[in-house]
Amino acid sequence: MLVYLNGEYLDHDRATVSVDDRGFLFGDGVYEVTRARNGRLFEPGRHLRRLGRGLEALGIAPPAGFEPEGGALAEISDRLLRDSGLVSGDALLYLQITRGAAQRTHHFPPAGTPPTVFLQANRLAVPDDVRARGATAITTPDLRWQRCDLKTVQLLPNVLAKQQAVAAGAFEAVFVRDAILTEGASTNLFAVIGGALRTHPATERILPGITREVILELANEQGLSVVEQPVAVADLSRVTELFLTSTSNDVMPVARLDGRVVGSGRPGPVARQLQAALRERLERDTAQAPAV
Ligand SMILES: Cc1ncc(COP(=O)(O)O)c(C=O)c1O
């Protein structure tokens, strides 16, 4: 399999980064995971804008071509998807940019230190079997920092939460901060309460998921009542549906939370309706998008 590293296309096994890389030493970098369908990227502009906001917040100059209007993502993903045999079906494109390799100091390295840019494409096995029956989730304290809106590679609380879920036989861990369910370890959270769709507002407490944004648009288009308001632990008894969203999971209904049945214990009508709308949008946009 081919990967892209700092301007070169390399065999996966030959691609290496420096032990001085600040991504390795400090988690000093950002990443994006973009969906590809039949060799074409879904919502690349939104991913590039989120990447741009992250780079700006970290004070990393966007590498050439990775500006929001830049063409590098399209060009590189085209080659990676083609050469990895991913021109049909679902795939994920991983992109990581770190502050680069330099002698270890906590403060920024000298101006001009080139960032490390890495991309690879992988086949996505869409978890339709879990979706059909509904996933299980657990709750766990949200131990993350105050800038969860930045998609940085510092993911230790997410890693520990996901492992806690796996150890409990669950699909996802949902973070709880100040008695509010913020989001999943790698997903955003939606609930249906009193017939209205609710999700945490896009503050610094959650990652502004691209799927979340698209789902909010689709829900509005479909005339659903939508409020960007957090779901409190105290609201859980009134929740009729709970679902998670992400680039790799689409809309994933939650059938059980901390061992308790959610709603009917089966994927609910709102989650099923939005999953169908998302899938339609994915097919439509990747059919229309210029070949990447
Ligand atoms: C913490 C967190 N929240 C939400 C998401 C979902 O974001 P997206 O829809 O852009 O994949 C992710 C994705 O990795 C995530 O890590």
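The coordinates are above.
Below: a short report on this structure. As a convention, each chain's residues are numbered from 1 in the sequence order in which they are written. Reporting in this predicted model follows two pLDDT cut-offs: at least 70 for local features of residues, and 80 or more for side-chain atom pairs to be given and counted; totals over whole chains, interfaces and linings ignore these cut-offs and use all residues.

**What about the environment of Ser248?**
Rules: By the criteria applied, helices consist of DSSP H or I runs no shorter than four residues and strands consist of E runs no shorter than two, each listed in order from the N terminus. By definition, residues are in contact whenever their C-beta atoms, placed on the basis of the backbone, come within 7 Å of each other.
Take Ser248: it is sitting in the loop between β14 (239–246) and β15 (250–257). Sequence separation between Ser248 and Leu86 is 162 residues, and the spatial gap between their C-alpha atoms is 15 Å. Other than its neighbours up to four places away in sequence, Ser248 contacts Val33, Leu92 and Leu124.

**Focus on the site of the ligand**
Applicable threshold: Each residue receives a C-beta atom built from its backbone; the residue is near a molecule or strand if that atom lies within 6 Å of it. Note on residue categories: nonpolar means Ala, Val, Leu, Ile, Met, Phe, Trp, Tyr, Cys or Pro, charged means Asp, Glu, Lys or Arg, and polar means any other residue, Gly included.
Neighbouring the ligand are 14 residues; Leu207, Gly209, Ile210, Thr211 and Thr247 lie closest to it. When contributions to the shell around the ligand are tallied by element, the ones reaching two or more residues are α6 (210–221) and β14. Residue composition of the shell around the ligand, by class: three nonpolar, nine polar and two charged.

**Some thoughts on helix α2 (residues 44–58)**
The condition is simple: Multiplying 1.5 Å by the helix residue count minus one yields the expected span of that helix. With C-beta atoms placed from the backbone, a residue is labelled by how many other C-beta atoms lie within 10 Å of its own: buried for 20 or more, exposed for 12 or fewer, partly exposed between the two. To be clear, the arc concerns the directions from the helix axis to the C-beta atoms.
With 15 residues, α2 should cover 21 Å at 1.5 Å per step; its first-to-last C-alpha distance of 21 Å lies within 8% of that length. Where α2 is concerned, the buried positions are Pro44, His47, Leu48, Arg50, Leu51, Gly54 and Leu55. Mapping the buried residues of α2 onto a view down its axis gives an arc of 160°, with all of them on the same face. Along α2, exposed side chains directed more than 90 degrees from the buried face belong to Gly45 and Glu56. Buried-residue contacts for α2 involve β3 (29–37), β4 (40–41), α3 (72–83), β5 (90–98) and α6. Positioned one or two residues after α2, Gly59 has a phi angle of 75°, which is positive.

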